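# A closer look at the structure
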Amino acid sequence: MGRLERLLNKADDFKEAGRFEEALKELNKATEIAPYDPDVYLSIALTYDAMEDFETSIHYFKKSLNLNSEDPYIWTQLGITLSRMSRYSESINAFEQALEIDPNHVFSKWHLALAYRTTGLYEDALRNFEECLSSDSDLDYIKEEIYYQLGLCYFDMGWTREALTEFRKHVERCPNDNWAQLSIGNCYFDFGWIDESAAKFKEVIGMSPGFIPAYNSLALSLAEKGWYDDALDVLRTALQIAPEDESVQDNMDYIQSLKDDDDGNKGIMLLALIIQLIKNKKGNSSEQE
């Protein structure tokens with residue numbers, strides 16, 4: 001192993017440990033040894049990305065591409081950083097550039113599909129996810145996530161039945177995935193199967209008592225049945241676990257408003273009934289006279 005490779009490996013170890021300044025010191029040494037090596041600038045870009053200094057990261061990705069514009073991996077990493085900045089149009093261009101170089105580059109295709117889904121281009125996302133699924137990729141995270149991502153696409157398109165099928169495939173492989181289990185409950189809710197959705201959300205809470213999204217979803221299911229007090233009790237429990245979670249308080253305010261409206265409507269209906277009874281009584285009295 002040469003000195004440059006040792007420096008890059010050491011810098012990568014520092015990066016993975018969160019010791020970014022030490023990583024950059026090693027990479028500065030690497031630039032002195034190999035000032036025209038694209039991998040050195042790629043490593044610098046990835047380090048700044050890990051530091052969430054995205055603008056600097058992009059600067060070094062472009063410097064790496066200036067030295068080697070035919071590497072789909074560099075283009076893909078640039079696209080990932082752009083996605084992290086919500087610059088999706090630019091990230092999609094970067095992923096497409098990678099695929100022009102290598103149409104079978106599954107890593108690029110996967111991230112292109114994610115960007116398409118995020119921007120609402122669901123049919124394009126589905127096509128790319130399905131191509132990833134039919135590939136012989138040995139990337140474990142793609143194999144683990146593919147059905148979940150397909151399910152999210154279908155759900156966002158309003159194809160709830162197809163979404164449920166994909167979520168169930170994912171859960172067969174990853175039964176402890178809270179988000180996938182929650183998504184199944186969301187499908188039940190979307191179908192109007194409120195009892196089934198509430199049961200699923202309770203199951204998720206039983207699996208992971210600290211998973212706040214399940215409390216929010218359970219509360220909304222209970223509120224859908226008109227069980228506002230039970231829903232509010234669920235959210236109070238969630239607040240004890242995560243007192244700073246604004247989503248819980250937002251849902252409490254929403255459900256309390258539903259309860260207040262319902263109580264108000266009941267009050268109006270009761271008042272109308274009383275007035276009608278009084279009118280009926282007066283009418284009966286007049287007839288007797």
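Whatever comes next refers back to the structure up there.
Description of the structure in this document. Predicted model, so just to flag it, every value in this text is computed and none were measured. For every chain, the first residue of the written sequence is number 1, and numbering continues from 1 onward in sequence order. Since the coordinates come from a predicted model, pLDDT governs what is reported: local features require at least 70, and pairs of side-chain atoms require 80 or more to be given and counted, while whole-chain, interface and lining totals use all residues. The basis for the side-chain values is all heavy atoms of the structure; hydrogens and waters are excluded.

### Remarks on a negative patch on the surface
Each patch is built from salt-bridge-free residues with over 30% relative accessible area, joining like charges within 9 Å and nonpolar side chains (Val, Leu, Ile, Met, Phe, Trp, Tyr) within 5 Å. Computed with the Shrake-Rupley method and a 1.4 Å probe, the accessible areas treat only the protein chains shown as cover for residues. Criterion for a salt bridge: a side-chain nitrogen of Lys or Arg within 4 Å of a carboxyl oxygen of Asp or Glu. His is not counted, nor are the chain ends, whereas Lys and Arg count as positive and Asp and Glu as negative. Note on charges: their place is set at NZ of Lys, CZ of Arg, CG of Asp or CD of Glu. Taken together, the side chains of Asp136, Asp138, Asp140 and Glu144 define an acidic patch exposed on the protein surface. Tracing the backbone through its elements, the reader meets Asp138 in the loop between α8 (122-134) and α9 (140-157). In DSSP terms, a helix is any run of H or I states spanning at least four residues, a strand is any run of E spanning at least two, and both are numbered starting from the N terminus.

### Here we look at the pattern of salt bridges
Evaluated as defined, the whole model comprises 15 salt bridges. Where Arg84 meets Asp49, a salt bridge forms, and the shortest distance between an N and an O atom there is 3.2 Å. Remark: Asp49 occurs in helix α3 (residues 38-50) and Arg84 occurs in helix α5 (residues 72-84); sequence separation between them is 35 residues. Here's how the labels work: a residue is buried when its accessible area is under 20% of the maximum for its type, exposed when over 50%, partly exposed in between, all with a 1.4 Å probe on protein chains only. Classification of Asp49 as buried rests on a relative accessible area of 13%. With a closest N to O distance of 2.9 Å, Arg127 and Asp124 form a salt bridge. Separated by three residues within a single helix, Arg127 and Asp124 lie in helix α8, roughly one turn from each other. Given a relative accessible area of 26%, Asp124 falls into the partly exposed group.

### Quick word on α3
Count 3.6 residues to each turn of an α-helix, and residues three or four apart come out pointing the same way. Under the convention used throughout, the expected extent of a helix is 1.5 Å for every residue step, that is, one less than its residue count. The first and last C-alpha atoms of α3 sit 18 Å apart over 13 residues, in line with the 18 Å expected at 1.5 Å per residue. For α3, a buried count of 10 out of 13 residues is recorded, marking the element as mostly surrounded by other parts of the structure. Burial in α3 covers these residues: Pro38, Val40, Tyr41, Leu42, Ile44, Ala45, Leu46, Thr47, Tyr48 and Asp49. In what follows, a contact means two residues having at least one pair of non-hydrogen atoms within 4.5 Å. Looking at the buried positions of α3, the neighbouring elements they touch are α1 (3-16), α2 (20-33), α4 (54-67) and α5. Count one or two residues on from α3 and you reach Glu52, which has phi positive near 65°.

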